[in-house]
Amino acid sequence: MASNTEDGKSFARRDRLLEIESQVQKWWEENEIFRADSLKTPPKPGEKFFGNFPYPYMNGYLHLGHAFSLSKLEFASAYHRLRGTNVLLPFAFHCTGMPIKASADKLSREIKTYGDPPVFPPAPEDQINEPDTEMVEEVVKMAGKFKGKKSKAAAKVSSSKFQWEIMKSYGLSDAEISQFQDPYQWLIYFPPLAMEDLKAFGLGCDWRRSFITTELNPFYDSFIRWQMRKLKKMGKIVKDLRSTIYSPLDGQPCADHDRASGEGVQPQEFTLIKMEVIPPFPPKLRALEGRRKVFLAAATSRPETMYGQTNAWVLPDGKYGAFEINDIDVFILTERAALNLSYQKLSRVPEKPSCLAELTGHDLIGLPLKSPLAFNEIIYTLPMFSLLLDKGSGIVTSVPSDSPDDFMAFHDLKTKPVLRAKFGIKEEWVLPFEIIPIIDDPEFGDKSAEKICKDYGIQSQNEKDKLAEAKELIYRGGFYEGTMLVGEFAGMRVKEAKNLIKSKLLELGQAVIYSEPAMKVISRSGDECVVALTDQWYITYGEPEWKQQAKECLASMNLYSNEARNSFEDTLNWLEQWACSRSFGLGTRLPWDEDYVIESLSDSTLYMAYYTVSHLLQKGNLYGSDTSSVKPEQMTDEVWDYVFCGSPFPESSDICSCLLKKMRQEFEYWYPFDVRTSGKDLIRNHLTFCVYNHTAILDKRYWPRGFRSNGHLMLNSEKMSKSTGNFKTLREAIQEFSADATRFCLADAGDGMDDANFAFETVNAAILRLTKELSWMQEVIEGEESLRKGPCSTYADRVFANEMNIAVQMTEKNYSEFMFREALKTGFYDLQAARDEYRFSCGKGGMNRDLLWRFMDVQTRIITPICPHFAEYVWREVLRNEGFVVKAGWPEADTPDLTLKLANKYLQDSIVSFRKLLQKQVSGSKKADRGTENRPNLGLIYVSEQYDGWKAECLKILQSKFNTETSEFAPDNEILEALQQSDVWEGGNFKEAQKLCMPFVKFKKDEAIAVGVHALDLKLPFGEIEVLEENLELIKRQLGLEEIEILSAADSDAVEKAGQYSSVLNQNQPSPGNPTAIFMFE
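Residues numbered from 1 in each chain as written. Predicted model: local features only at pLDDT ≥ 70, side-chain atom pairs only at ≥ 80, totals over all residues. Heavy atoms only, no water.

Notes on the pairing of strand β25 (residues 675–679)
Summarising burial for β25: five of the five residues are buried, a large majority. Going residue by residue along β25, you find V675, T677 and G679 tucked away on one face and R676 and S678 tucked away on the opposite face as well. Looking at chain direction, strand β3 (residues 48–52) and β25 are connected through two bridges and run parallel. In the sheet register, G51 faces β25, and the bridge partner there is V675. Both β25 and strand β26 (residues 707–710) contribute to a ladder of four bridges, which runs parallel. Looking across to β26, one finds that T677 is bridged to R708. (Buried < 20%, exposed > 50% of the residue type's maximum accessible area, 1.4 Å probe, protein only. Helix = DSSP H or I, 4+ residues; strand = E, 2+ residues; numbered from the N terminus. Pairing = 2+ DSSP bridges.)

What follows is the structure in structure tokens.
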């Protein structure tokens, strides 16, 4: 076809791949290649493979981040399909929850405000908008939670872009955009587009089984209602009053997937200490004197330290307020804290803080306070400059005995009169107060803060990093090892006394419980979330017996990395009750309380089982609107129990018995699923919920077998971001690069749980590599007559055949272990390099026809999982094979000859070494006449095939001192002792011998640790002279020499041939694996 050009660039190669992909996809669709049906007989191990992927939200196009996680499943499924396994890869579309509803509501607000079509006001150039649907936020490493660098939500970035503009970027007209005020329009529009993109990507999916969620799909709605009723009947869903992250704007809890940022953040609980203000009140509070009790409300996580209070801290320039808690109590704290309290039933007006007076920190300095448990009857409010207003209440109680921050700030005020004068602080507010020992720390004593500040050399409250490190150290040590010295719990361990002291404060009305998000959370509607006490339906994750079942399941699963397993175990340790219902949003109604909708992380925990029967119920219709075979109301709980739980046949059902039995057969054949691939951010919620729900509802033999988690995807080594333009949808990537080049780059991007990188350099190189390989194969077939016929007969033939055997074996291992970058290396890069080396090594004799045909067969098969369109085209159109390569079978191979592999590496490394030496000699010689080529024509290569003498003795000792299991050597003193006792050094000067010996010993030790125990062998496992002589013509051609001789360094006659160059030989004596070359004029 004619080449497409843009900006002077030709896209002919890319367009050729797109043309091939379109043709191949038609072949697959016409032949239903990816259709997956169960068999009547249960599958034996390895006969079936069922993998799945978390269905994506349908509030926009799929992007490369989706494609990266999905590619792990796609490559694995394609590998198993290639091997002849019966493979099921289904795909569905998630529409539950707030993402779509929030976007639709946002669009509606814009139209109401700015018109239809809207006319938006220009934004000032210097204005930085508040984030709306996506925000930058670094999520804190919360104790016991997933320790990844960032959550997916934290990685999101967006400016406050109008929803209308986002829709416009999708290519929608003004008239079309207006329709998206209806959230259900999103469900109609985006899932079919996502399906188009995934088909263009080459996803090997059985599309008959696809569906959308929410009550718009009556069959899925029925399935979720059954699941929820079953959990409730088992006592695993309860109604309870609990703290939860809550969106004031939405008026409902805000779960992870309802958030624009702050995914994974949980409520953090504090004890709010009521520090009573002693009259007379300052002017701004005077109206409350005698009428209300006024308290500074200090948030603390260490109520056991209250005995040691010396003062309270405020931020001098901080903004505070006096807020009504009830008809009597008034708390002084930040507005942010007051808002949280108002949702925790601690406000005179629920959910609406009532501020009686606005204050600053300056207004509060010097206030006399009576604080619970404090040995000091009266303490005062003082300024602290490092205090944060976005954490806690903005009021902090000071315990300098056990807090490094408090100690340094209090020390500064005591020792710096100028500082006190600056804030009008009277001496009697500070100087009379001394540190009160309250806890004995075994490491730091009873004044741990003072001790650690001295140890760390901390001089000022401004040394924030040192103070943070010191705080973490003594807080941890004090809690686990410390002993209370004072109060009614004196003598008790701090970790035991803490909750008892907190309970006492609460019982006496001297404190209240206060909670807030552990860090900032923004809902998809754009507001900052609070913690609210809500009467909600909860799933009882964390219940001991259920948790033990989840742990048992997890222990039996393949998680593919220790990092992933640690993350799951951490999640199981902290995860507790989860709010499973919402007041509004899209989804399925809670069956027994239809005022509520089941939230998006609770209707997505067991649906992998629904894939097994969805095609029988929905007959390939995404929305479940085809009810010709079964009606949704016929899917009763008894029917679902029969299909999934092995319950008796539902005699009361009017569904055809053959269809019921077929559904049960499908489930029992495909379950359990073998793997679920996902980004690592879903470990702490969705994937762990999946484990819990499977263990609760299904028999043990149907519990999940594996999860494969991966990191996030960067684009050209930078975070993907819509706001910066460093973003690409899957559709854009395919159009710009082709599907196979995109898949190639996704495979190359990375395999572990660290963030991977999609590099444009790599994807463009893939276009070139694939098209050049296609051309080469066509040229080889056209020039078949020029190739050498007959069996393999040369060293190069044997090496090339062996390299193909190695590629087949290693690539099979890499695919099976989900190491797709490594599979690309061993199955493409290395194999291509072996082919290129073979082509060069054959010389005049030419390449063997059968070997090249085998290479094309092997290369085509093992690249199929990653580049299936390319492989399918080559298989059918170039190699003229029958059938489809995606089901052609894994290539057969003989057992690799590792000795031959080592011998060839030795040969190639030696040639490189010879070439460098020759080039150095040619460029450095001055003997040739000017104008005459200064190049030797004779090469003498000396080989020493075995260590002897003292080197042999050293190697024998090292062999005896090497642990092959741990790849470690005995201590050096043992090795030296063995050397000293050996026969070689008998009667000699050991110090001199040691100088000679130890560099060699160190070199061989390092080599053995790097490559294995064979580095200590006295000789190589092949004949060096034999290898070099067999490849003499290749060496001559590579070095450009007329004559080369291979000689033994042990042959005195051969050594004499070096003549005047014998000194070179003496200075660079050959050793096993390291021949010495001398070049001369004959």
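A few points about the environment of V87
Within the element layout of this structure, V87 appears in strand β4 (residues 86–88). Each C-alpha atom of the pair V87 and G620 lies 18 Å from the other, and the pair is 533 residues apart in sequence. V87 has contacts with A36, F49, S77, H80, R81 and W670, leaving out every residue within four places of it along the chain. (Contact = heavy atoms within 4.5 Å.)

Focus: the packing of helix α10 (residues 404–415) against helix α12 (residues 448–455)
Packing of α10 against α12 brings their axes to within 8 Å, and their N-to-C directions diverge by 80°. Our classification of the angle between α10 and α12 gives roughly perpendicular. Residues P404, F407 and M408 of α10 form the contact with α12, whose participating residues are A449, E450, I452 and C453. By residue class, the composition of the contact of α10 with α12 is six nonpolar, no polar and one charged. (Axes fitted to C-alpha atoms, helices over the stretch in contact; angles between N-to-C directions. Parallel < 35°, antiparallel > 145°, perpendicular 65-115°, else oblique. Nonpolar A, V, L, I, M, F, W, Y, C, P; charged D, E, K, R; others polar.)

Some points on the pattern of salt bridges
One pass over the structure, following the stated rule, counts 64 salt bridges. The salt bridge involving K1002 is made with D1006; its shortest N-O contact spans 3.0 Å. Remark: D1006 and K1002 occur in helix α31 (residues 990–1011); sequence separation between them is four residues, near one turn of the helix. Taken together, the shared-partner salt bridges connect E32, R35, D37, D206, R208, R209, K662 and E666 into one network. (Salt bridge = Lys/Arg side-chain N within 4 Å of Asp/Glu carboxyl O.)

Focus: helix α19 (residues 657–670)
Taking 1.5 Å of rise per residue, 14 residues should cover 20 Å, and α19 covers 20 Å from first to last C-alpha, within 8% of that figure. If you follow the buried residues of α19, they end up packed against β3, β4, α17 (607–618) and α18 (637–645). (Expected span 1.5 Å × (residues − 1).)

What about the packing of helix α16 (residues 562–574) against helix α20 (residues 683–697)?
It is the contact of α16 with α20, at a shortest axis distance of 10 Å, that shows an interaxial angle of 80°. Between α16 and α20, the angle is such that the two are roughly perpendicular. For the pair α16 and α20, the contacting residues are A564, S567, F568, T571, L572 and W574 in the first and I683, R684, L687, T688 and Y692 in the second. In the contact of α16 with α20, the residues fall into seven nonpolar, three polar and one charged.

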